[in-house]
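# Report on the structure
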There are 2 protein chains.
Amino acid sequence: MQEFFVTVDLVVLTILDGSLNALVVKRKYPPFEGSWALPGGYVAADEDLPAAAYRELEEETNLREGVHLEQLASYGAPGRDPRGRTVTIAWLALLPSSSDPSAGTDASDAAWRPVTDFMEGGLPLAFDHAQILADGVERARAKLEYSPLAAAFCPPEFTVGQLRAVYEAVWGAPIDPRNFHRKVTHAPGFLEPTSQASNVDGGRPARLYRRGTLDLLNPPITRATTGLTAPQGSTDQS
Amino acid sequence: MQEFFVTVDLVVLTILDGSLNALVVKRKYPPFEGSWALPGGYVAADEDLPAAAYRELEEETNLREGVHLEQLASYGAPGRDPRGRTVTIAWLALLPSSSDPSAGTDASDAAWRPVTDFMEGGLPLAFDHAQILADGVERARAKLEYSPLAAAFCPPEFTVGQLRAVYEAVWGAPIDPRNFHRKVTHAPGFLEPTSQASNVDGGRPARLYRRGTLDLLNPPITRATTGLTAPQGSTDQS
DNA sequence: ACAATAGTGTCTGTTAGACAGTATCGC
DNA sequence: GCGATACTGTCTAACAGACACTATTGT
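Residues numbered from 1 in each chain as written. Chains lettered and ligands numbered in written order. Predicted model: local features only at pLDDT ≥ 70, side-chain atom pairs only at ≥ 80, totals over all residues. Heavy atoms only, no water.

As recorded in an unreviewed UniProt entry, chain A goes by the name 8-oxo-dGTP diphosphatase, listed as coming from Tessaracoccus bendigoensis DSM 12906.

## Details of the overall build of chain A
If you tally the helices and strands in chain A, you get four helices and nine strands. Order of helices (α) and strands (β) in chain A, N terminus to C terminus: β-β-β-β-α-β-β-β-α-α-α-β-β. Of all 238 residues assigned to chain A, the portion counted as buried reaches 48%. Sequence separation of 24 or more characterises 65% of the internal contacts of chain A that already satisfy a separation of 6 or more. (Helix = DSSP H or I, 4+ residues; strand = E, 2+ residues; numbered from the N terminus. Buried < 20%, exposed > 50% of the residue type's maximum accessible area, 1.4 Å probe, protein only. Contact = heavy atoms within 4.5 Å.)

## Section: the domain arrangement of chain A
All names here are of chain A. On domain assignment, one finds that chain A holds domain 1 (4-144) and domain 2 (147-238). The partner domain 2 presents 17 residues to the 21 residues of domain 1 that form the contact. Summing both sides of the interface, domain 1 and domain 2 together bury roughly 1,700 Å²; the carbon and sulfur share of this comes to 65%. Here domain 1 is connected to domain 2 by four residue pairs in polar contact (both at pLDDT 80 or more). Listing elements by their share of the side of domain 1 that touches domain 2, those giving two or more residues are strand S1 (5-16), strand S2 (19-26), strand S5 (68-75) and helix H2 (129-146). Tallying contributions element by element places H2 first for the side of domain 1 that touches domain 2, with seven residues. (Domains from an automatic or database assignment. Buried area = accessible area lost by both parts, 1.4 Å probe. Polar contact = N/O pair within 3.5 Å; in protein donor to acceptor, adjacent residues only side chain to side chain.)

## A look at the pairing of strand S2 (residues 19-26) of chain B
One face of the sheet, then the other: side chains in a regular strand alternate in exactly this way. Residues and elements named next belong to chain B. With respect to burial, S2 is a largely interior element, six of its eight residues being buried. Strand direction decides the pairing type here: strand S1 (residues 5-16) and S2, joined by four bridges, are antiparallel. Within S2, the position partnered with Leu13 by the bridge is Ala22. Counted along the chain from S1 to the antiparallel partner S2, the turn is two residues long, and its residue Asp17 has a positive phi close to 50 degrees. Across five bridges, S2 lies against strand S7 (residues 110-114) in antiparallel orientation. From the neighbouring strand, Leu23 faces S7, where its bridge partner is Trp112. (Pairing = 2+ DSSP bridges.)

## Quick notes on the pattern of salt bridges
All names here are of chain B. Going through the model one piece at a time under the given rule, you end up with 24 salt bridges over all chains. In this structure, the salt-bridge partner of Glu70 is Arg139, at a minimum N-O distance of 2.6 Å. Of this pair, Glu70 sits in strand S5 (residues 68-75) while Arg139 sits in helix H2 (residues 129-146); the two residues are 69 residues apart in sequence, bridging distant segments of the chain. Notably, a salt bridge pairs Glu157 with Arg210, separated by 3.3 Å at the nearest N-O pair. (Salt bridge = Lys/Arg side-chain N within 4 Å of Asp/Glu carboxyl O.)

## Comments concerning the interface of chain A and chain B
Tallying the contact residues gives 37 residues for chain A and 39 residues for chain B. Roughly 3,100 Å² of surface becomes buried between chain A and chain B when both sides are summed, with 59% attributable to carbon and sulfur atoms. At the junction of chain A and chain B, the tally comes to zero salt bridges. On the surface where chain A and chain B come into contact, there are eleven residue pairs in polar contact (both at pLDDT 80 or more).

## Regarding the side chain of Thr159(A)
With respect to the helices and strands, the residue Thr159(A) is situated in the loop between H2 and helix H3 (160-171). When near neighbours in sequence (up to four residues on either side) are disregarded, Thr159(A) contacts Ser198(A), Asp201(A), Ala206(A), Arg207(A) and Leu208(A).

## Looking at the packing of H2(A) against H3(A)
Residues and elements named next belong to chain A. As a packed pair, H2 and H3 sit with axes 10 Å apart at the nearest point and diverge in direction by 140 degrees. Overall, the two elements H2 and H3 adopt an arrangement that is oblique. Here the hand of the crossing between H2 and H3 comes out left-handed. Facing H2, whose interface residues are Arg141, Leu144 and Glu145, H3 presents Val166, Tyr167, Val170 and Trp171. (Axes fitted to C-alpha atoms, helices over the stretch in contact; angles between N-to-C directions. Parallel < 35°, antiparallel > 145°, perpendicular 65-115°, else oblique. Left-handed = near helix turned anticlockwise from the far one by under 90°.)

## Concerning the protein's contact with DNA strand D
Around DNA strand D lies a shell of 24 residues, among which Arg178(A), Asn179(A), Lys183(A), Arg178(B) and Arg207(B) are the nearest. Within 4 Å of the protein, the contacting atoms of DNA strand D are 56% sugar and phosphate, with bases supplying the remainder. Within the side chain of Asn179(A), a nitrogen or oxygen atom sits 2.7 Å from a base nitrogen of DNA strand D. Between DNA strand D and Arg204(B) there is a distance of 3.2 Å, counted from a base nitrogen to a side-chain nitrogen or oxygen. Elements with a minimum of two residues in the surface near DNA strand D: helix H4 (177-186) of chain A together with helix H3 (160-171), helix H4 (177-186) and strand S9 (206-211) of chain B. When residues of the surface near DNA strand D are assigned to their parent elements, the largest contribution, four residues, is made by H4(A). (Near = heavy atom within 4 Å.)

## Section: the protein's contact with DNA strand C
Near DNA strand C lie 24 residues; those nearest to it are Arg178(A), Arg207(A), Arg178(B), Asn179(B) and Lys183(B). One of the side-chain N or O atoms of Arg204(A) is found 3.2 Å from a base nitrogen in DNA strand C. In the model, a base nitrogen of DNA strand C is placed 3.2 Å from a nitrogen or oxygen of the Arg182(B) side chain. Going through the elements one at a time, H3, H4 and strand S9 (206-211) of chain A together with H4 of chain B are the ones with two or more residues in the surface near DNA strand C. Top element by residues in the surface near DNA strand C is H4(B). It accounts for four residues. Tallied by class, the residues present in the surface near DNA strand C amount to five nonpolar, eight polar and eleven charged. (Nonpolar A, V, L, I, M, F, W, Y, C, P; charged D, E, K, R; others polar.)

## Comments concerning the relation of the copies chain A and chain B
Overlay of chain A on chain B (RMSD 0.1 Å): rotation 180 degrees, translation along the axis 0.0 Å. Viewed as a symmetry operation, the transformation between the two copies matches a two-fold axis. For chain A, the smallest separation between a C-alpha atom and the rotation axis is recorded for Phe4(A), amounting to 2.6 Å. Interface overlap between copies is the fraction of interface residues in one copy that are interface residues in the other; for chain A against chain B it reaches 81%, indicating a shared surface. (Least-squares fit on C-alpha atoms with pLDDT ≥ 70 in both.)

Following this line, the structure appears as structure tokens:
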């Protein structure tokens, strides 16, 4: 019976300077020494897969609470790792954009990089991590449409303007502030208003909201008008 | 370094008698001898994950072409298989309802069973397969809304009535035939009309369609009539 | 005052949902 | 004719998108 190594790899995304960034690490040892790679590592002997993902996330970001983490897909092509037959379970993590940008980068070779740096023949990534990153970014973009996932990029309390900035960063297209405001505040269960307000952005102070209890947004917030197209998911093997 | 066994397990769904059915096999050997389980098996030494999934699918159903197959999720809790540390990559397959219902059942202990048989404390399934099946069914239900996946349950050429029957079977709720017809025939790229017609259902012959090229349905076909949306009629608004 | 952001109202075109009505088969 | 299914048209309420307008802050 063939035996495998099993790893977890993380696509950790956050918003920095209005664009979508991914956490990458510089490899210190072969294979792919000196190349960028997604953070990850081997699953331990008595460890469940989510536990391994949370452990790696905490090692890289020092964060555990308030982080959205979901399984993305698994990759196991023969030869994807020259050290041996390896299957990796990839996870998608979304961090609030208010997280200290240097978290995870201290005393290590980790860095935030715009995801576009690794698309379309840009910077190379080790192993099949370019494909994994692309799948994670596409998952995040798609889920913003029909789920309240955008709030995972925001701190616990946030303004409608901050939430809109997330959509604009992830989709790369501007959104009408007035229509967006009406849409998200009128969707029952999507946002919970607080009695607080914030004026960090200049201009009139904005009400602060928390995530609501809704987990399926109907009707969705569409990116149809932005002209963005959704590539076919790589897990669809037809 | 811990080593793992890696398997693929299949959630194979089709429509039989107007309800959603799953393919299950009766186990001949321990563990869980005599219990129902999802079809699956070990990934071979030089085999990619999709290749293993297709091989298992073909072994159980004799089908390879015209079947929708996509990765579902991976499961790897310690102790989920008493024979050793095992990670399984689960796949979701959708078969046309016109497939011979006995396919995959000959010379084996495989059978089609309504998925409801295994829900909510019904028939037990081996290992963690009840969870995997539930995840697969929910994935199928959700994807019908915003993708043309329902056509995967239909033969290559099908009528609007057959397609509607798929939605009604998967969601368990009736749909207005007139509005459904208008919706799917007016969505560009969703259906491709042929010059043929069919009258197998009695009544006026219906035009036959093929799957279109669209892969993201916008706006979606909603499950709103099943009670998923919040009430809107607010009489207290001034 | 002015810039900037927050939030509301209003108009228009499109669509979902409800359902009347017509078309074309088998019996 | 009658039942069954296919398909078209019509009405209404709701919503998306566009955008004018008001509100409240900092400078």
